[in-house]
Structures are given as structure tokens and as C-alpha cells.
Amino acid sequence: MQYELINIKTLHTEKEGQLSYFEANRSISFDIKRIYYITQVPAGARRGAHAHKKLVQLLFCPYGNVTVILKNGMDEEHVVLDQPSKGLILHPGLWRDILWNIDNSVLCVAVSDYYDENDYIRDYDDYLSYTKGRGN
Ligand code: TYD
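It is not clear to me how the overall build of the protein should be interpreted in this structure. Could you clarify?
When its secondary structure is counted, the protein shows one helix and twelve strands. Secondary structure elements of the protein, listed N to C terminal, follow the sequence β-β-β-β-β-β-β-β-β-β-β-β-α. Taking 14 Å as the expected radius of gyration for a compact globule of 136 residues, we find that the protein reaches 15 Å, a close match to that expectation. Seen along its three principal axes, the alpha-carbon backbone of the protein occupies a region of about 55 × 35 × 25 Å. For the protein, with 136 residues in total, the buried portion stands at 37%. When contacts within the protein are restricted to residue pairs at least 6 apart in sequence, those whose partners lie at least 24 apart make up 77%. For the protein, the computed accessible surface area is about 8,000 Å², with 47% contributed by carbon and sulfur atoms.

I tried to follow the nonpolar core on my own but got confused; where do I start?
Proteins that are soluble and globular tend to have nonpolar side chains buried together. Counting 18 residues, the largest nonpolar core has Leu59, Leu81 and Leu107 as the members making the most contacts within it. When residues of this core are traced back to their parent elements, those giving at least two are strand 6 (57–63), strand 7 (66–71), strand 8 (76–81), strand 9 (86–90), strand 10 (95–100) and strand 11 (106–111). Beyond its immediate sequence surroundings of up to four residues, leucine 59 is in contact with Val68, Leu81, Lys86, Gly87, Leu88, Leu90, Ile98, Leu107, Cys108 and Val109. Core analysis: the second largest hydrophobic core is formed by eleven residues, Ile28, Leu58, Val106 and Cys108 among them.

Please clarify how the sheet that holds strand 1 (residues 3–7) should be interpreted in this entry.
Spatially, the five strands line up as an open sheet ordered 1-9-6-11-4, and their pairing is antiparallel. Both edges of this open sheet fall to strand 1 and strand 4 (34–38), since each of them pairs with a single strand only. Neighbour-to-neighbour, the strand axes of this sheet turn through a mean angle of 25°, independent of strand direction. With four bridges connecting them, strand 6 and strand 9 associate as antiparallel partners. The residue bridging glutamine 57 from the neighbouring strand is leucine 90, located in strand 9.

Reading the values: the criteria
- Residues numbered from 1 in each chain as written.
- Predicted model: local features only at pLDDT ≥ 70, side-chain atom pairs only at ≥ 80, totals over all residues.
- Heavy atoms only, no water.
- Helix = DSSP H or I, 4+ residues; strand = E, 2+ residues; numbered from the N terminus.
- Rg over C-alpha atoms; globule rule 2.2 N^0.38 Å.
- Buried < 20%, exposed > 50% of the residue type's maximum accessible area, 1.4 Å probe, protein only.
- Contact = heavy atoms within 4.5 Å.
- Areas by Shrake-Rupley, 256 points an atom, 1.4 Å probe, with all protein chains shown as cover.
- Core = buried A, V, L, I, M, F, W, Y, C linked by side-chain atoms within 4.5 Å.
- Pairing = 2+ DSSP bridges.
- Axes fitted to C-alpha atoms, helices over the stretch in contact; angles between N-to-C directions.

As C-alpha cells, then:
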């Protein structure tokens, strides 16, 4: 599947917490044009339910625990983001559902382009036709 797990550099201190960082075009292979984050989600809620045609995304969860459920039209894989140092890069063409395992988990996303609703596939049947059309 077209995703990568990356280790986000994290500097830990005994008494003053920790600091995590990544740099566009160095730690990750794409330029960042937009950052968004999702907050105040109750445990058990699901978001996502879409795929992107061109967008590349880095997902990370600095607080809490979410499960990213990935599908490519054939297989399904689950990735748990439960540490600030865990990063998940999603390449275009993957269907994702995101499940909140803990109240108020914060999901942050750094992405390769500006918001464009035309880049979304929001219907799962349309997605399956799209993957078949691409020969996935
Ligand atoms: P969406 O990407 O569908 O979020 P999720 O998959 O977590 O539910 O976006 C939800 C709504 O927010 C949708 O109406 C589009 C809008 N939106 C923007 O206007 N700009 C953005 O950068 C993002 C990510 C979403």
C-alpha cells in the first residue's frame, strides 16, 4: 500500500516534556502548502471516509490515539498513531477512515497542496471504480 511510517524526531527531557519536529523536503519528501488539525472529537467517532487523487499527506497525533484504516480496493491495513513521534505519510489514491480511540485526540495533517474539493473522492463505490480504472 502506498503509505510510509516515519519517525518524527523527538527530543525528550526528564522534567520539561518533549519537542518533535520535521522539515519539508528534508525529513519528508514533499513541500508543505497547508496544515490542518482536528480537535474536540469524542472517542468512537470516525472521520475521513475519502481518498485523494493527487494530495500527499503527513498525519500525526501529538496527543491521544487514533486508528487510520487504509484501503486500496483490495487490502485493508490499520495504523495506530499513539505517539508524537509517529508519522504516517499517505500517498494519493488510498481510501482512509480515521477512528478516534481516545476523547480529544488531536490529529494534525501537513499536506502538499491547497484545499481543493475536486481532489476528493468521497463515495466508496466511485473510489472502487477509480482504482479499477487506474489498474490497482
Ligand atoms: P474533510 O477533509 O472531509 O475532513 P474529515 O475527513 O476529517 O471529515 O473536511 C471536512 C470539511 O472541512 C469539508 O467541508 C471541507 C472543509 N475543509 C476545508 O475547507 N479546508 C481544509 O483544508 C480541509 C482539510 C477541510
